[in-house]
Amino acid sequence: MLEIEIDGKKLTVNQGSTIIDAAHTAGTYIPHFCYHKKLSIAANCRMCLVEVEKAPKPLPACATPVTDGMKVHTASPLAKKAQQGVMEFLLINHPLDCPICDQGGECQLQDLAVGYGNSGSRYQEEKRVVVGKDMGPLVSAEEMSRCIHCTRCVRFTDEIGGFQEIGMANRSEFSEIMPYLGKTVNSEISGNVIDLCPVGALTSKPFRYSTRAWELSRRKSVSPHDGLGANLIVQVKQNEVMRVLPLENEAINECWLADRDRFSYEGLNSAERLHKPMIKFDGKWHETDWQTALEYVVKGLNGVSADHGKDAIGFLTSPHSTTEELYLAQKLARSFGVNNIDAALRRSDSRVSAAQQGALWLGSSITELAAAKSLLVVGSSQRQEQPLLASRIRQSVKKGTQLNVIHVADDELFTTLNAKLIVSPAALVNGLAQVLKAAVSIKGVESTLDLSAANVGEQAQAIAASLCATDNAAIILGNVAQHHPAFSELLSLAQELSRITGARFGITAEAANSVGADVAGANPARGPMGAAVTAGLSAAAMLAAPRKAYFLLNAEAEADTYNGQQAVAAMKQAATVIALTAYKGAGLLDYADVLLPVAPFSETAGSFVNMEGKLQSFNGVVRPQGEARPAWKVLRVLGNMLSLDGFEQNSAEDVRAELLAKGDIAAKLNNALASTAANVAAPAAAGLVRVGEVPLYHADPICRRAPSLQQTEAAATPVVRVSPADAARLGLNDGDAVVVEQGSASVSLQVRADKALAEGVVRVAAAHPATQALAGMFEPIQIKRG
């Protein structure tokens, strides 16, 4: 610890701190542009010059380390003169376009110019003009004359994004910030450069010229997409969501947002929003009033129940729904006598629900996971599934964490890997078994599982050695593992590997409320807070053996299930399909019988439980559109109309309190399975097997309707990716048209040879409109020349 003095205040700071760090500790503001607490030191704006006693000239506070006994003056005449001189230079070439600049009203340069600028300019020559750049559909760089070359955006893409998509070319007054020639910025977290830019050079393209910052109301919320639970500031004008910004929370999303959290708000105002209840009769859709629509639903449920029994009804609930909605949905189903309810719509392994001993979760807090010395990620397209968690893991690797991967594709993670095992989906279980067998050998203990079929390879040995070398290790299973038909085997192996090595293990929650769905009881084998219930069918079982009636909550069967082809066929044969939805999508209009308009997260109060088991509540930020109602209210009214007990709640808080009174969430989190008898068979030589991950911007209904996100490279029409060996064997070249067949469907796409894939693997995205007609995400598939 060092003692220093800043503007007469004495304080003690850690050795290695800079002057600007110390000033923040003391509550002293030092003007700056290029400095940011999450980025490396650049010291190129020079706005933070301060006077240090015994130093011959002013020093940059962001780059000057503190020494014992140092005396700093941040507002002395010398410091002020230096800061004013820097400001004059920064404004020499800056255009005087504040009245039309999107950054107006929240611009650092504008604010500091008031305190450190002159009333007029001494510069009489022509100002430089910089040609705008194309950075893609999300980030606007059309006014680069405003750039002050702080390089925050350059450092962000390199250090946080992992890949330098933006750079600074040339020198002196010819310097320009630009993407690589012919390229756009395609990072899944690119929108953060908008927040980082201290001027109006980089702005939000969807928000551009739409309103002024001071006209917006700021309201807190929580991301409804992946399971991280990023905290949001939603900005509203005239009852419309206009922009979404990060709310800093160091334990969850730090000060960043993924692009789907930031730009998906466009989907809230989609032309497909459902504004009135609709009923289909005579093959046509008709708008109606709420009373008629609800009576139609009650009649449909009672009719199917009377004719076919309660087991003929299935409830499919989206894990993007709030905890309160999921709790009332399962309460409605079970009170009515229906046990078939599930929120894990893309899970193909029906055995997991029956073997669960608690709600599946991350196994630790997000910060604890990031602090692990060794990390094994199994079956996860990390950057696509959990953009901010992947970024946090990249920072951990820089600090010494050993990252190990077992996956079905050798994806570019923009970080250093300790070891990786790339296998086909059929060999994923065997790959994890190899690591377990190696760990058993290293630790000199016995395993309860039969591992005789696992032949340990070099990479598996390296992964096991990494996990065994520390007492702070973690194992996490991603979306690919959770959707895999052998998810129960993967969980059992992870559980046993955790026992042998002492590592924590868990899963990365696929959706905003995957953990909350388990806690709320939207699970075929577990009630609220794990209460014992009569077991029903899982989502996979309900669709494999079609029901006579389906009740959908915020779910679109063609895109939100493991096998879209099978799901749509099941819907079409049903006597009635009831959908509580915010959107009238083409799929729902095809197979549903009644649509009830419910409010998305921005228009209702509720809560999500993120992957670390933290319940985060929020309120609606705007009024519901049209006649849409919060889903919890619709479910409550249906409970009353069906003459069921326990549906008297008056607010979302009442529903939440009823659930939380049944137990403590933290006590109900448990990744262990009741049975760990994993079938570890050697992978059989088979034909082509599909790898069908959900694209980054097709994971939920809101993202799928955000125009700007759908213009990105990540949302482009999928291509068929095969290994170079398979491409050669099939006589295919890059760009060739092929027909892929699965089940009863075939789709025409282009093919690409991809060296990241093992032989026998065909990578074709799921949930995209171009591929929704295909069958299971990890099932056999055929390719024919188009």
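Let us look at the structure shown here. In this convention, every chain numbers its residues from 1, walking through the sequence in written order. Given that the model is predicted, a residue must reach a pLDDT of at least 70 before its local features are reported, and side-chain atom pairs must reach 80 or more before they are shown or counted; all residues, however, enter totals for whole chains, interfaces and linings. Based on all heavy atoms of the structure, the side-chain values leave hydrogens and waters out of the count.

Turning our eyes to something else, we now look at empty space enclosed by the protein. Put simply, the grid is 1 Å and covers the protein atoms alone, a cavity is a trapped set of points that fit a 1.4 Å probe, a pocket is an open set with protein on both sides within 12 Å along at least five of seven lines, and lining residues have an atom within 4 Å of a point. Grid points are joined across faces, edges and corners, and a volume is the space filled by probe spheres set on the points. By the definition in use, this model includes twelve cavities of 30 Å³ or more. Of the voids in this model, the largest cavity is the one considered here, and its volume is about 300 Å³. What lines the largest cavity is a set of 25 residues, and nearest its centre among them are Pro319, Ala343, Ala344, Glu510 and Ser514. Here a helix means four or more residues in a row that DSSP labels H or I, a strand means two or more in a row labelled E, and each is numbered from the N terminus. If you list the elements that add at least two residues to the lining of the largest cavity, you get helix H15 (479-483) and helix H17 (514-520). Residue type decides the class: Asp, Glu, Lys and Arg count as charged, Ala, Val, Leu, Ile, Met, Phe, Trp, Tyr, Cys and Pro as nonpolar, and the leftover types, Gly among them, as polar. Along the lines of polarity and charge, the residues of the lining of the largest cavity split into twelve nonpolar, seven polar and six charged. As a volume, the second largest cavity reaches approximately 230 Å³. His320, Asn554, Pro600, Pro701 and Ile702 are the residues nearest the centre of the second largest cavity, which is lined by 18 residues in total.

Backbone geometry places Asn170, a non-glycine residue, at a positive phi of 70 degrees. Along the chain, the position of Asn170 falls in the loop between strand E8 (166-169) and strand E9 (176-179). Positive phi outside glycine occurs at Ser643, with the angle close to 60 degrees. Locating Ser643 in the fold gives a position in the loop between helix H22 (631-641) and helix H23 (652-660).

Bringing the environment of Arg122 into the picture now. By the secondary structure assignment, Arg122 is in the loop between helix H3 (108-116) and strand E6 (133-134). A simple rule labels every residue: compare its accessible area, found with a 1.4 Å probe on the protein chains alone, to the largest value its type can have, and call it buried under 20%, exposed over 50%, or partly exposed in between. We classify Arg122 as exposed; its relative accessible area is 66%. Considered as a pair, Arg122 and Ile92 are 30 residues apart in the sequence and their alpha carbons are 8.6 Å apart. In the analysis that follows, any N or O atom pair within 3.5 Å is treated as a polar contact, provided that within protein one partner can donate a hydrogen and the other can accept it, and provided that, for residues neighboring in sequence, both atoms belong to side chains. Here the side chain of Arg122 touches Glu88 through a polar contact of 2.8 Å, side chain to side chain.

With that settled, consider the packing of helix H8 (residues 323-336) against H22. Their axes nearest at 9 Å, the elements H8 and H22 cross at an angle of 20 degrees. Classified by the interaxial angle, the pair formed by H8 and H22 is roughly parallel. Crossing angle aside, the handedness with which H8 passes H22 is left-handed. Mapping the contact onto sequence places Glu325, Leu328, Ala329 and Leu332 in H8 and Ala631, Trp632, Leu635, Arg636, Leu638 and Gly639 in H22. To obtain an axis, a line is fitted to C-alpha atoms, over the contacting stretch when the element is a helix, and the angle between two such axes runs from 0 to 180 degrees between their N-to-C directions. In these notes the angle categories are as follows: under 35 degrees is roughly parallel, over 145 is roughly antiparallel, 65 to 115 is roughly perpendicular, and the rest is oblique. The hand of a helix crossing depends on one turn: near helix anticlockwise from the far one by less than a right angle means left-handed, and clockwise means right-handed. We call two residues in contact when some of their heavy atoms are within 4.5 Å.

Time to look at the pattern of salt bridges. Pairing of side chains with opposite charge becomes possible as their charged atoms draw close. For this document, the term salt bridge refers to a Lys or Arg side-chain nitrogen within 4 Å of an Asp or Glu carboxyl oxygen. Enumeration over the complete set of coordinates arrives at 34 salt bridges. Asp195 is the partner of Arg262 in a salt bridge, and the nearest nitrogen-oxygen pair spans 2.7 Å. Highlighted residues: Arg262 in helix H6 (residues 259-263) and Asp195 in helix H5 (residues 192-196), separated in sequence by 67 residues. The exposure class of Arg262 is buried, given its relative accessible area of 3%.

Two strands make a pair as long as DSSP finds a minimum of two bridges between them. With antiparallel pairing, the three strands of this open sheet are ordered in space as E6-E7-E10. One side of each edge strand has no neighbouring strand; the edge strands of this open sheet are E6 and strand E10 (203-204). As defined by bridge partners, E6 adjoins strand E7 (residues 139-141) across two bridges and the pair is classed as antiparallel. Considered in E7, the bridge of Asp134 is made with Ser140.

Below, the discussion takes up the layout of surface pockets. In this model, the largest pocket occupies a volume close to 1,500 Å³. Along the walls of the largest pocket sit 42 residues, with Arg383, Gln384, Glu713, Ala714 and Arg721 positioned nearest its centre. At three residues, helix H11 (residues 382-385) tops the list of elements feeding residues into the lining of the largest pocket. Its residues assigned to classes, the lining of the largest pocket comprises 18 nonpolar, ten polar and 14 charged. When its volume is computed, the second largest pocket comes out at roughly 930 Å³. Lining the second largest pocket are 33 residues, with His36, Gln108, Arg152, Asp195 and Leu196 positioned closest to its centre. Counting residues per element, the ones that place at least two in the lining of the second largest pocket are H5, E10, strand E12 (231-237), strand E13 (240-246) and H6. If you tally residues by element for the lining of the second largest pocket, the top one is E13, at four residues. Per-class residue counts for the lining of the second largest pocket are 16 nonpolar, eight polar and nine charged.

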